[in-house]
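# Fold and geometry: a report
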Amino acid sequence: MTEQQQAGTASTERGAARMKVDPDFRVGPLNRRIFGSFVEHLGRCVYTGIYEPEHPTADEYGFRADVAELVRELGPTIIRYPGGNFVSNYQWEDGIGPRSERPVRLDLAWKTIETNQVGTDEFLQWCERLDLEPMMAVNLGTRGITEASDLLQYTNAETGIELADRRAKNGHTDPYGVKVWCLGNEMDGPWQMGFKTPEEYGRLAEETARAMKRFDENLELVACGSSNRSMPTFGTWERVVLDRCFDLVEHISAHAYYEPIDGDHDSFLASAEDMDRFISSVVATADHVAAAKGSSKKIMVSFDEWNVWFQKRWAGEKKLEIRETSALIEDVYDVEDAVVIGSLLIELMRHTDRVSIACQAQLVNVIAPILTAPGGAAWRQTIFHPFALTAKHAHGTVLQPAISGPGIDTARYGEVSALHATTVWNAEAGELVIFAANRDRATELDLTVDLAGFDELRIIEHVHIADDDRRAFNSPEQPDRIVPKPGVSTLTDGRLTGVLPAASWHCIRIATSSRSED
Ligand code: AHR
């Protein structure tokens, strides 16, 4: 590794990469639910994150308007709540009704005093105001079928039964109509309150799912998959769990967090490789279960926790003392982290045929694209930008480009292509968007894209994330130190040429008169 690479500064070697994009190379319609996020009662995600009644921008419900504005700009489509590890010891009844009567409890997952000032109604009404789809999780750690079924009736039943009448009394007569439900969280993990063997969880998930589907067969249920690809039960867990729940669930979850391990930034930049293998393995396992059952049902992957998380740093905080709500896991992200996030989003789009939902974990303060100061400012981290641009501009059909070019040798994944890309074609709006990352830290790529299958092309915009100082980050003093900047590309005779600096992420929007024949 050169000194320059070590320091995270740019270098000037050059390589050439090629892409061919054709309207016939279709993966499928883009699932917009892959632009999801996650709000957990953890650290300052809820309290002094989305909710802070004393804040100067607080709305009449106590939620921060400055944060809401940034959430709108970020553009998530679906939000998972209330955990995470938190949900596995949560008593949802604590968080409803008059605030002054709500119990203060100890959350054992994060050893934090939970005031319950925000609960199911506050979260669901915040989602309504921001036009976000909620994705609720039920506690299958310390609780079970009855409590899950009760929560479902509280949120979704028409008045006339006790639980729905209680909701009406608490101020919301109409059912919330929550469609997507997670059957617990990371139940394969020994750190989880009430963690289980795959057989134990499979049975509980099956019984809970059956009860929930008796209430509404149109719900979409997510069975817990593996907490990461390195879990000792990975693969077996999915097979055993799906064997029990197959007919009752639509999705199985996957969780993954990435960081440069022991200074291995090449593998870190290639993290999408891990995500690719993770998704492919879960899909293969789900399809194996389908085959064994003689079914054509396709279980979809809900990648409902993913992000960059410096767990090596977090490990030092593991001896948590019982505390009031305070900062936990507030990682600050640099330029390289933003490139990895952009690349992971590319990977999720590449799998749109089998990834139905994905939630970046989390939304505010806790490993998050948005940071806040209590009583003070809210600002965008570097990783905010690739998410916001992708969520804003990726609409329509994912096209799989053919890619060739130089590779990078990585310790974890072997040789991977430096260029990582996908394209999304919005035939109705006449727009084709190339999302691309140059994952090589040392080589600038001259990119050529063959777009011969498209008519009347014009570049609308090319923006990218890169910086000579890859360790640069945003802060309250310099909230816009890292923002998307114009990129370099030209288009002639159906061929786009551009320059992708070392370790960079790009969003290139192209107008085309081509329309889909479908
Ligand atoms: O997102 C932080 C934590 O990571 C979640 O609570 C848990 O599900 C995962 O291990």
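Residues numbered from 1 in each chain as written. Predicted model: local features only at pLDDT ≥ 70, side-chain atom pairs only at ≥ 80, totals over all residues. Heavy atoms only, no water.

## Side note on the domain arrangement of the protein
Our working rule: Annotation comment: domain bounds sourced from an automatic or database domain assignment. We call two residues contacting when some pair of their heavy atoms lies within 4.5 Å. Salt bridges, as used here, are contacts in which a Lys or Arg side-chain nitrogen is within 4 Å of a carboxyl oxygen on Asp or Glu. By the criterion applied in these results, polar contacts are pairs of N or O atoms within 3.5 Å in which, for protein atoms, one can donate a hydrogen and the other can accept it, and in which residues neighboring in sequence qualify only through two side-chain atoms. Strands are runs of DSSP state E lasting at least two residues, helices are runs of H or I lasting at least four, and both sets are numbered from the N terminus onward. In the scheme used here, Gly and all other residues not listed as nonpolar or charged are polar, with Ala, Val, Leu, Ile, Met, Phe, Trp, Tyr, Cys and Pro taken as nonpolar and Asp, Glu, Lys and Arg as charged.
In terms of domains, the protein is made up of domain 1 (3-26 + 398-514) and domain 2 (31-393). Distance between the C-alpha centres of domain 1 and domain 2: 30 Å. Opposite the 44 residues of domain 1 that make contact, domain 2 presents 35 residues. Taken together, the connections running from domain 1 to domain 2 amount to three salt bridges. Residues R471 and D334 are paired through a salt bridge, measuring 2.9 Å at the closest nitrogen-oxygen approach. Summed over the shared surface of domain 1 and domain 2, the number is 14 residue pairs in polar contact (both at pLDDT 80 or more). The set of elements that each furnish at least two residues to the side of domain 1 that touches domain 2 consists of β17 (407-410), β19 (419-426), β20 (431-438), β22 (458-465) and β26 (504-511). Examining the composition of the side of domain 1 that touches domain 2, we find that six residues originate from one element, β20, more than from any other. Taken together, the residues of the side of domain 1 that touches domain 2 sort by class into 24 nonpolar, eight polar and 12 charged.

## Overview of the packing of aromatic side chains
Basically, it comes down to this: Note on aromatic pairs: the rings of Phe, Tyr and Trp (six-membered ring only in Trp) are paired at centre separations within 6.5 Å, and the planes decide the class, stacked below 30 degrees, edge-to-face beyond 60, tilted for the rest. Any residue under 20% of the maximum accessible area for its type is buried, any over 50% is exposed, and the rest in between are partly exposed; the area is computed with a 1.4 Å probe on protein chains only. By definition here, charges over rings are those cases where NZ of Lys or CZ of Arg is within 6 Å of the ring centre and within 35 degrees of the ring normal.
Scanning all chains against the criterion turns up 15 aromatic pairs. Ring geometry for F35 and F387: centres 6.3 Å apart, planes at 80°, overall edge-to-face. With a gap of 352 residues between them, F35 in the loop between β2 (26-29) and β3 (36-38) and F387 in helix α12 (residues 384-393) connect regions that are remote in the sequence. Its relative accessible area of 0% is what places F35 among the buried residues. Residues F234 and F278 carry aromatic rings whose centres are separated by 5.2 Å and whose planes lie at 85° to one another, so their mutual orientation is edge-to-face. Taken together, the positions of F234 in the loop between β9 (220-223) and α7 (236-245) and F278 in helix α9 (residues 271-292) put the pair 44 residues apart, joining distant regions of the chain. The aromatic ring of F38 is capped on one face by R80, whose charged end is 4.7 Å from the ring centroid.

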